[in-house]
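Per-entry structural report
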Amino acid sequence: MTFTYVIEHMEEDETTPKSLPPWVELEYAHMIMLAGINGRVEFTHLSHNSSSSLDARLASINEPSASYRVHTQSVMELLEQNNIPITRVCLLDPKAQTVLAPEDGKIFDHFLFGGILGDDPPRDRTSELRQLGFPSRQLGSMQMTTDTALAVTKRVIDDKVQLNAIPYVDFPTITFNAKESVEMPFRYIVNGKEPVLPPGMRELLHEDLNKSVIF
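Reading the values: rules and limits
- Residues numbered from 1 in each chain as written.
- Predicted model: local features only at pLDDT ≥ 70, side-chain atom pairs only at ≥ 80, totals over all residues.
- Heavy atoms only, no water.
- Helix = DSSP H or I, 4+ residues; strand = E, 2+ residues; numbered from the N terminus.
- Expected span 1.5 Å × (residues − 1).
- Buried < 20%, exposed > 50% of the residue type's maximum accessible area, 1.4 Å probe, protein only.
- Phe/Tyr/Trp six-rings, centres within 6.5 Å; stacked < 30°, edge-to-face > 60°.
- Lys NZ or Arg CZ within 6 Å of the ring centre and 35° of its normal.
- Contact = heavy atoms within 4.5 Å.
- Salt bridge = Lys/Arg side-chain N within 4 Å of Asp/Glu carboxyl O.
- Pairing = 2+ DSSP bridges.
- Axes fitted to C-alpha atoms, helices over the stretch in contact; angles between N-to-C directions.

Looking at an unreviewed UniProt entry, one finds the protein chain named SAM-dependent RNA methyltransferase, with Suillus fuscotomentosus as its source organism.

Next up, the structure:
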């Protein structure tokens, strides 16, 4: 079965002169890798500026990845155009009553995320989607980045791994050298001892850390 992951971009960025922030593009690019070659990712509700730059960024990826499309339309417009009822769409919502389980892959074939979820502290951006009436599931109480949420969802519904069997690390410290490190305020899937970050994110974090140093 092919699963579709829909990322509803939650920022109003029409006035932004260029594109998405670099860390957002890294997370979105990571998503099409995490979704796997049999998956599909739909990025919705982007401004014209952001959709053009994201499309170019995703087209440059040479890793095996999911098929994808970038849209300026909202998720509701996309579903209407393709005659997809909301009963087939599962909203990943931290306030949902039911935990995502492998059996949900038999109920839903679309999984919806609110893009740019990595706020610290959380701002409940999912509330805008919650009001639209989607059935929902949650991934636990800990705040995740959007790409991590997609990766966890794929593990559960596609790979049939129970949510509590996935290895995690909470609030990991990314160490750059003996003097420089940064603590991440989210939950990540862990690979060995290291959190799974988007390619290029470690370098971006180090660059941002150096920019913040005051001499």
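The discussion continues.
Compared with an ideal rise of 1.5 Å per residue, which puts 13 residues at 18 Å, helix H1 (residues 22–34) spans 18 Å between its outermost C-alpha atoms and is within 8% of the ideal. All of the buried residues along H1 are Val24, Glu25, Leu26, Glu27, Tyr28, Ala29, His30, Met31 and Ile32. Backbone geometry just downstream of H1 places Gly36 in the positive-phi region, at approximately 85°.

Following the criterion strictly, the structure yields five aromatic pairs and no others. Where Phe186 meets Tyr188, the ring centres are 6.5 Å apart and the plane angle is 70°; that geometry is what we call edge-to-face. A single burial state applies to Phe186 and to Tyr188, both of which are buried. Of the aromatic side chains, those joined through ring pairs into one cluster are Phe3, Tyr5, Phe108 and Phe111. Positioned over the ring face of Tyr168 is Arg187, at 4.6 Å from the centre of the ring.

Let us look at the side chain of Gln138. Tracing the backbone shows Gln138 in the loop between strand S6 (136–137) and helix H5 (146–157). Aside from chain neighbours lying at most four places away, what touches Gln138 is Asp93, Pro94, Ala96, Thr98, Val99, Leu100 and Leu163.

Now for the pattern of salt bridges. Counted according to the given criterion, the structure contains eight salt bridges. Of the charged contacts, one joins Asp109 and Arg88 as a salt bridge, the two residues approaching to 2.9 Å between their closest N and O atoms. Here Asp109, found in the loop between strand S4 (89–92) and strand S5 (110–115), pairs with Arg88, found in the loop between helix H3 (75–81) and S4; they are 21 residues apart in sequence, far enough to count as distant. When its relative accessible area of 14% is taken as the criterion, Asp109 is described as buried. Here Arg88 falls in the partly exposed class, since its relative accessible area comes to 30%. Each member of the salt-bridge network shares a partner with another, and the members are Arg40, Glu42 and Arg69.

A word on the sheet that holds strand S3 (residues 67–70). Pairing within the open sheet is parallel, and its six strands lie in the order S3-S2-S1-S5-S4-S6. The sheet is open, and its two edges are formed by S3 and S6, each paired on a single side. Sheet contacts for H1: strand S1 (4–9), strand S2 (40–44), S3 and S5; angle to S2, the most-contacted strand, approximately 155°.

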